Amino acid sequence: MAVGNRKRTGRGKSRKAALRAVRSDGSRVSLYEEVTARIISQLEAGIYPWAQPWSSAAALPGLPRNAISGRAYSGINVLILWGAVIDGGFASQDWLTFKQALAAGGCVRKGERGQTIFYADRFTPESGHEQGNDGKESGEKPSIPFLKRFTVFNAAQCDGLPQRLSADLTPLPERELHHAAEALIKATGADFRTGGARAYYSPSDDHVQVPPQPAFPAQIDYYRTALHELGHWTGHGSRLGRDQSGRFGSAAYAREELCAELASAFLCAALGIVPSVRHADYLGSWLTVLRADSRAIFKAASQASKAADYLLAFVDQSRLEGAA
């Protein structure tokens, strides 16, 4: 049965009742409305630049390493391999190629899938006809930058490796879990992937990807980001069916971003999450695009309310099934 056909339950109604606050005059106001009003007041104070709330993590402890050389990986490879450790539930941060596993006397288990990592290098051609940089004025041959790709496997995906390769495990930086948010992410059943240096939702193959949590200096912002992308996920044609066809910079794109970020703000409020990155900082970057429509944020807030309710209903349904 399609998720969109899920019946409303009594538990869902009680959650709606919980998402209510009381005005000073005794009337009731939706928590969503309260969050929206607060964000609007922040936006009216000026446009704020949005800063990516995660880093390349190259300087943090607990880095993945090559099992044979012991050399730590850096840059984007850290995020790719941390994500793979989290998703795979691996105890080790040691990685090696298929050939390295064989040379060490072991092997990669049949059916295991590797991770693609990248290595930047430069190539100096034999002749000087190829285009490149460096050395034109000094008389040196120009060098051409290129990117190598390697497939590596975690030591936990291999059999027969010498004990020395796994005796000194490099621990993954500890995750600061928010159990309610973790339960919501799991309950949706979304194709939720961890790793890489980008956070996005792909409508074409219907999956969410978020950088690994240890890459966020304030780890609670991982959940703000994850909930933003799940906000986009609700807009798929099989769910709430929003227009997600807009290109970057277009009004349609901006409206969808407003919806997803407001949904994230609503969900954070409902789950008791206080991220250190203010939602207004992100929304402010789209305000200029939407100035032609003075009601754009209110329209987005209405869609975001539906998206937040849609996601919270998964947790309610999961609890009901667990109690059955």
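Before reading on, note that the structure itself is shown above.
Residues numbered from 1 in each chain as written. Predicted model: local features only at pLDDT ≥ 70, side-chain atom pairs only at ≥ 80, totals over all residues. Heavy atoms only, no water.

**Topic: helix α7 (residues 251-271)**
Keep this limit in mind: Strands here mean DSSP runs of E at least two residues long; helices mean DSSP runs of H or I at least four residues long; both are numbered from the N terminus. Each residue after the first adds 1.5 Å to the expected span of a helix. Only protein chains enter the area calculation, which uses a 1.4 Å probe; residues under 20% of their type maximum are buried, those over 50% are exposed, and those in between are partly exposed.
For α7, which comprises 21 residues, the first-to-last C-alpha distance of 30 Å matches the rise-based estimate of 30 Å (1.5 Å per residue) to within 8%. Summarising burial for α7: 16 of the 21 residues are buried, a large majority. Once α7 finishes, G272 follows within two positions and takes phi at roughly 75°, a positive value.

**Considerations on the nonpolar core**
Rules: For our purposes a nonpolar core is just a set of buried Ala, Val, Leu, Ile, Met, Phe, Trp, Tyr and Cys residues, chained together by side-chain atoms within 4.5 Å. Contact between two residues is taken to exist if any of their heavy atoms lie within 4.5 Å; hydrogens are not considered.
In terms of nonpolar packing, the biggest core is built from 55 residues, with L184, F192, L227, L230, W233, L262 and F266 touching the most fellow members. Elements with a minimum of two residues in this core: α2 (31-44), α3 (76-88), α5 (179-188), β11 (207-210), α6 (221-233), α7, α8 (279-287) and α9 (296-323). Broken down by element, the residue count for this core peaks at 12 residues, all from α9. The residues contacting W233, other than those within four sequence positions of it, are T188, A190, Y201, D206, V208, R239, Y310, L311 and F314. One finds A84, V85, I117 and V152 within the second-largest nonpolar core, a separate group that totals eight residues.

**Some details on the packing of aromatic side chains**
Filter applied, for reference: Two aromatic rings from Phe, Tyr or Trp, using only the six-membered ring of Trp, form a pair when their centres are within 6.5 Å; if the ring planes differ by under 30 degrees the pair is stacked, by over 60 it is edge-to-face, and anything between is tilted. For a lysine, the NZ atom is tested; for an arginine, the CZ atom; a charge sits over a ring if that atom is within 6 Å of the ring centre and within 35 degrees of the ring normal.
For the structure on display, the rule yields seven aromatic pairs. Ring centres 5.1 Å apart and planes at 80° place the aromatic pair Y222 and Y223 in the edge-to-face group. Residue Y222 shares its accessibility class with Y223, and that shared class is buried. Aromatic pair W233 and F314: ring centres 6.0 Å apart, planes at 55°, arrangement tilted. Within this pair, whereas W233 is found in helix α6, its partner F314 is found in helix α9, the two being separated by 81 residues in sequence. By the ring-pair criterion, three or more aromatic residues cluster together here, those being F216, Y222 and Y223. The side chain of R239 reaches across the aromatic face of W233, ending 3.7 Å from its centre.

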